[in-house]
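Next come the chains, spelled out residue by residue.
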Amino acid sequence: MKVYIATLPNGFFGSAGCSWQSLDVDKLSALLDYDVEIITINDLMNIEFDPDDTVIYTSSDEENIRLYLRDVMHFINKKCRILPNYNMLLAHENKGFQELFRTELGFGNLRGNYFFDIDDSKLTMPKVLKTISGAGGSGEYLAKNKSDISTIKNKYFEVSSKRKIIKLQRRIKLKSSEFSIYSYRHKGFSLFVEQEFVPNLSNDFKVLVFGDRYYGLKRTVGKNEFRASGSGLFECVKPPKEVLDFARSVVDKIDNPYVSLDIAQSDDGCYLIEFQGTNFSPLALLKCSSRYVYFNNKWVEEENNKDLEENFAYALNTFLSYN
């Protein structure tokens, strides 16, 4: 088996904490237990891959690069194995696909719905509404009543004043059946996710998983806020056993060498808020002194070496050796 590491054209690979920081690809390559060649994503369609080859690639927060990757990796995925798996690429900066994915596989413990028409929202209030992209809590709203829904509708689902005038003109000129089709086309759509609201949360947990290594941050909900994401209030603690057990059950479903999980815990259990399998913040790994490994039916605390490339290599070597 040959392993290819596909960077962006400028050599960027993965998130190392800031948008201008990249993993050391040469170091990562040296730590992998396989014959490795470093290429760029622009080379992918020009290589004759063998079925047992593996392409380890990176995504991007830049939308156009990400859309390019979705197209290219669709074909590479048919030729050989790709890591992260294709579902993780579709889930990157796409909370809508995340919702569909966990609904299909039946994990997460949190009721949700993905829609493009605000009139197709289903959950009762209070509920959380989210744009499908955005990090750090951006684009997230707590809808408690119809007034909150109207505010969101006016901001994201309204058409332009110019379009409203054109619609009035079309109403006069078109048959009622024709205008019905036209009117729906220009009703005003936006991609959104709604999720069940978990009340009375004072914090949640960011859990990073590299192979069988688990790293946790406790994130405090900000003042007059409903979410911990984006609060900047975090501390390195050992996540409760219930959170680690829940994270482990989610990892079994996701089937990726590494993953980032946002997990809420209430008296009724744990809930998966969001997940990412590529290009996620490594803060928990870089800041915390300990990591946790499930061994002999219990969680064992280990010292964290805070080495990002070593952890990525460990996760990839472990995954490839068993898959």
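For the structure, see preceding data.
The structure displayed is predicted, hence computed values, not measured ones.

**Student:** Please provide a residue-by-residue account of the pattern of salt bridges, values included.
**Tutor:** Any two side chains of opposite charge can pair, given that their charged atoms come close. Counted under the stated rule, the structure contains 18 salt bridges. A salt bridge links Arg 102 to Glu 99; its shortest N-O distance comes to 3.3 Å. With Arg 102 and Glu 99 both in helix H4 (residues 95-105) and three residues apart, the pair spans about one turn of that helix. Given the relative accessible area of 4%, Arg 102 is considered buried. The salt bridge partner of Glu 196 is Arg 111, with a shortest N-O separation of 3.9 Å. In this pair, Glu 196 sits in strand E8 (residues 192-196) while Arg 111 sits in the loop between H4 and strand E5 (112-115), placing the two residues 85 residues apart along the sequence. Exposure remark for Arg 111: the relative accessible area of 48% places this residue in the partly exposed category. When salt bridges with common partners are traced through the structure, they connect Lys 95, Lys 130, Glu 140 and Glu 274 into a single cluster.

**Student:** Could you give an account of the sheet that holds strand E2 (residues 35-40), with specific residues and numbers?
**Tutor:** Pairing is parallel in the open sheet, where four strands are placed in the order E2-E1-E3-E4. Lying at the two open borders of the sheet, with one neighbouring strand each, are E2 and strand E4 (81-83). Ignoring which end each strand starts from, the neighbouring axes of this sheet average 25 degrees apart. Contacts from helix H2 (residues 63-79) reach strand E3 (54-57) and E4 within the one sheet, and its direction differs from that of E3 by about 165 degrees.

**Student:** Can you lay out the nonpolar core for me, pointing to particular residues and giving the numbers?
**Tutor:** The biggest cluster of nonpolar side chains holds 27 residues, and the ones touching the most others in it are Leu 32, Ile 56, Phe 210 and Tyr 258. Mapped onto this core, the elements with two or more residues apiece are strand E1 (2-7), helix H1 (25-31), strand E9 (203-210), strand E10 (213-220), helix H9 (283-287) and helix H10 (308-322). Per-element tally for this core: the top contributor is H10, with seven residues.

**Student:** Let's hear about the packing of helix H6 (residues 161-173) against helix H7 (residues 176-185): which residues, and what values?
**Tutor:** Geometrically, a packed helix pair is captured by the angle between its two axes and the distance between the axes. The contact between H6 and H7 brings their axes to 10 Å, and the two run at 170 degrees. In terms of orientation, H6 lies roughly antiparallel with respect to H7. Contact residues: Arg 163, Ile 166, Lys 167, Arg 170 and Arg 171 in H6; Phe 179, Tyr 182 and Ser 183 in H7. Of the residues assigned to the contact of H6 with H7, the class counts are three nonpolar, one polar and four charged.

**Student:** I'd like to hear about the sheet that holds E5, residue by residue, with values.
**Tutor:** One open sheet holds the four strands; their spatial order is E5-E8-E6-E7, and the pairing between them is antiparallel. Both edges of this open sheet fall to E5 and strand E7 (140-143), since each of them pairs with a single strand only. Neighbour to neighbour, the strand axes of the sheet diverge by 20 degrees on average, direction disregarded. Direction of pairing for strand E6 (residues 127-131) relative to E7: antiparallel, over a ladder of four bridges. Directly across from Val 128, in E7, lies its bridge partner Leu 142. Its contacts with the sheet put H4 on E5, E6, E7 and E8, and the angle it makes with E5 is roughly 130 degrees.

**Student:** Talk me through the state of the cysteines; I want residue IDs and the actual numbers.
**Tutor:** Evaluation of the coordinates by the stated rule reveals one disulfide. Disulfide pairing is shown between Cys 236 and Cys 288; the S-S distance is 2.3 Å. On the S-S bond that ties Cys 236 to Cys 288, the torsion sits near -85 degrees, and the link is left-handed. One end of the pair, Cys 236, is in strand E11 (residues 234-236); the other, Cys 288, is in the loop between H9 and strand E14 (290-295), and 52 residues separate them in sequence. Overall, Cys 288 belongs to the buried group, its relative accessible area being 3%. Free cysteine: Cys 270, not disulfide-bonded; nearest cysteine sulfur from Cys 288 at 18 Å. With relative accessibility at 7%, the residue Cys 270 sits in the buried group.

The rules behind the values
Residues numbered from 1 in each chain as written. Predicted model: local features only at pLDDT ≥ 70, side-chain atom pairs only at ≥ 80, totals over all residues. Heavy atoms only, no water. Salt bridge = Lys/Arg side-chain N within 4 Å of Asp/Glu carboxyl O. Helix = DSSP H or I, 4+ residues; strand = E, 2+ residues; numbered from the N terminus. Buried < 20%, exposed > 50% of the residue type's maximum accessible area, 1.4 Å probe, protein only. Pairing = 2+ DSSP bridges. Axes fitted to C-alpha atoms, helices over the stretch in contact; angles between N-to-C directions. Contact = heavy atoms within 4.5 Å. Core = buried A, V, L, I, M, F, W, Y, C linked by side-chain atoms within 4.5 Å. Parallel < 35°, antiparallel > 145°, perpendicular 65-115°, else oblique. Nonpolar A, V, L, I, M, F, W, Y, C, P; charged D, E, K, R; others polar. Disulfide = S-S within 2.5 Å.

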